[in-house]
Amino acid sequence: MLANELSTPVLTVDLDVLERNLERVAETCRKQGVSLRPHTKTHKTVEVARRQLALGAVGLTVAKVGEAEVFAAAGFDDILVAYPIMGQEKHRRLATLARARRILIAIDSEAAAHELSRAASAQGGTLGVLVEFDAGGKRCGLEPGPQVVALAKTIAKLPGLKFRGLMSYFGNVWGTPEERRAEAEQVAQRVDRALAAFRAESMPVEIVSGGSTPSLEFAHLISGLTEIRPGTYVYNDLNTYHQGACRLEDCAVRVVATVVSTAVPGRAILDSGSKTLTSDVMSAGPKTGYGYIVEAPDAPIVKLNEEHGLVDTTSSKHRFHVGEVVTIIPNHVCVAVNMHDEIVTLRKGEAVGCWKIAARGKIR
Ligand SMILES: Cc1ncc(COP(=O)(O)O)c(C=O)c1O
C-alpha cells in the first residue's frame, strides 16, 4: 500500500531517512570521541531504540519512570532517567527497576537524594546518581561549583545510591549555526567550572552527560564530556531545519492528512488538528504555522482546532481539492509522536510495517 492510500490522519516514518540520521549521528559521536546515550523521548519506540544500540549507543535516556519501565521490559539495560523524579510511588518503581537493570537518575536536590536512598535501600538495590548542573539554560541543575560537589558527597554517603557523575542539558544551544557555536563555547566554560570543583576536591567523576540535537556537532568543543543525549536527531523536524541543524530531506516523520473541505474560499481544511499535530508553534526560524505541507509549502496551516487544520490557500499556487492527501512535517516532532499510538514505516513511499509507540503517554 502506498503512503497516500493509508487511512488518515496517520504518522509515518521514512526508514531510509531514519537510518541515515541514525548512522550520521553515530558517526559524528565516534569522530568527536563521545559516547551516545540517545534520548528516547522523540521516538518512544522499541524498534528505534534497538537500531540505536546496534549502531553503538551505550545506553538509553528517558524522562519518566513509565518510559524506563517500557524499555526495561523490552530488554534494554543502562537507562538514564534525565529528570529529577519526585514522589514515593515513582521512587519505589525506580528502585524495583534497579534490581534488574542498571538505572541512573539525575537529580539536583538533597530532598531527592534522601527519598531515592530510602526507596533503593528498602529494596536492597543500588541506583546510580548523576548530579545535574545548569549549563546556562536556567531550567534545572545547580550552579557549577562547590554546591555540585557538596550534593555529590551527600549522595556518596547515602545507602542505596552510588554517585556516578554529572548531567546537564544544553537547551540553551539554539538558533543559527553561529549562535549555537557561541553558546556551546559558553557551555564549555560551565562544564569546565563544574569539573574544576571536583578536581579541587580530588573527587573522580566517571560520567559527564550533556547534549541535545542542536548542540551535537559542537560536542568536541566541550572538554570533559563523556556522552551526549540527543533525541530529536532520529526524526528531525521544522525547528531543527530552521536552525540549519538538518536539511528538509532529513525530516523522517510526516503526518499524512486528507483535505476534507474547501467550502470556504481561501481555505483548505485538513483532518489533522491539534490532537494530531499538537499546538506547538515554531520556536526557531520564521513563524510558519503548525507544520510544513510538503506538496504546498506556500500554504501555511494558520490555525488548528482539535480535528481541523485550517490552511490559508490565498497565496498558494497549489490547488487543493477535497479528498486530496497531503504530507506534513511537524514543527516539533517529539510531541507530535506522543499523540499517536503507532507509526507506519515506509520504504520508497510504500508502507512496509507499523511500530507501536510503546512509551507514548507515559508521563508518570
Ligand atoms: C534532559 C534532556 N536531555 C536531552 C534532550 C534531547 O534534546 P533534543 O531533543 O534537542 O535532541 C532533552 C530534550 O528535551 C532533554 O530535556
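Notes on the structure follow. Everything numeric in this text was worked out from a predicted model, so none of it was measured.

## With respect to the overall build of the protein
Secondary structure assignment for the protein yields ten helices and 17 strands. By the compact-globule yardstick of 21 Å for 364 residues, the protein fits well, its C-alpha radius of gyration being 22 Å. Evaluated residue by residue, the protein yields a buried proportion of 54% over its 364 residues. A separation of at least 24 residues holds for 68% of the contacts in the protein among residues at least 6 apart in sequence. Accessible surface, the protein: about 15,200 Å² in total, of which carbon and sulfur atoms supply 51%.

## Comments concerning the side chain of R180
In this structure, R180 sits in helix α7 (residues 177–200). For R180, a relative accessible area of 0% puts it in the buried group. Polar contacts involving the side chain of R180 include one to the main-chain carbonyl oxygen of G175, which spans 2.9 Å. Apart from the residues lying within four places of it in its own chain, the contact partners of R180 are V173, W174, G175, P214, E217, F218, Q243, G244 and A245.

## As for the pairing of strand β10 (residues 253–261)
Taken together, the four bridges between strand β1 (residues 10–14) and β10 define a ladder with antiparallel strand orientation. The residue of β10 that forms the bridge with V13 is V253. Direction of pairing for β10 relative to strand β15 (residues 325–329): antiparallel, over a ladder of four bridges. Across the sheet, T258 pairs through a bridge with V325, a residue of β15. As defined by bridge partners, β10 adjoins strand β11 (residues 267–270) across two bridges and the pair is classed as antiparallel. Counterpart to S261 in the pairing with β11 is I269. Here β10 folds back onto β11, and the loop between the two strands holds five residues, one of which, G266, carries a positive phi near 80°.

## Structural notes on the site of the ligand
Neighbouring the ligand are 13 residues, the closest being K41, R139, T213, G231 and T232. Here an oxygen atom of the ligand sits 2.6 Å away from a polar atom, N or O, in the side chain of T213. In the environment of the ligand, a nitrogen atom lies 3.1 Å from a nitrogen or oxygen atom belonging to the side chain of R229. Considering the ligand on its own, with 390 Å² of exposed area, one finds that the protein chains cover 89% of that surface. Mapping the ligand onto the cavity grids shows that it belongs to the largest pocket.

## A few points about the sheet that holds strand β7 (residues 161–167)
Hydrogen bonding along the main chain pairs the strands of a sheet, whether they run parallel or antiparallel. Taken in spatial order, the eight strands make up an open sheet running β2-β9-β8-β7-β6-β5-β4-β3, and their pairing is parallel. The open sheet has two free edges, formed respectively by β2 (35–36) and β3 (60–62), since each of these has just one partner strand. Across the sheet, helix α4 (residues 88–100) is in contact with β4 (79–81), β5 (103–107) and β6 (127–132); its angle to β5 comes to roughly 145°.

Quick notes on the rules
Residues numbered from 1 in each chain as written. Predicted model: local features only at pLDDT ≥ 70, side-chain atom pairs only at ≥ 80, totals over all residues. Heavy atoms only, no water. Helix = DSSP H or I, 4+ residues; strand = E, 2+ residues; numbered from the N terminus. Rg over C-alpha atoms; globule rule 2.2 N^0.38 Å. Buried < 20%, exposed > 50% of the residue type's maximum accessible area, 1.4 Å probe, protein only. Contact = heavy atoms within 4.5 Å. Areas by Shrake-Rupley, 256 points an atom, 1.4 Å probe, with all protein chains shown as cover. Polar contact = N/O pair within 3.5 Å; in protein donor to acceptor, adjacent residues only side chain to side chain. Pairing = 2+ DSSP bridges. Near = heavy atom within 4 Å. 1 Å grid on protein atoms, 1.4 Å probe; cavity = no way out; pocket = protein on both sides within 12 Å on 5 of 7 lines; lining within 4 Å. Sits in = over half its atoms within 2 Å of the grid points. Axes fitted to C-alpha atoms, helices over the stretch in contact; angles between N-to-C directions.

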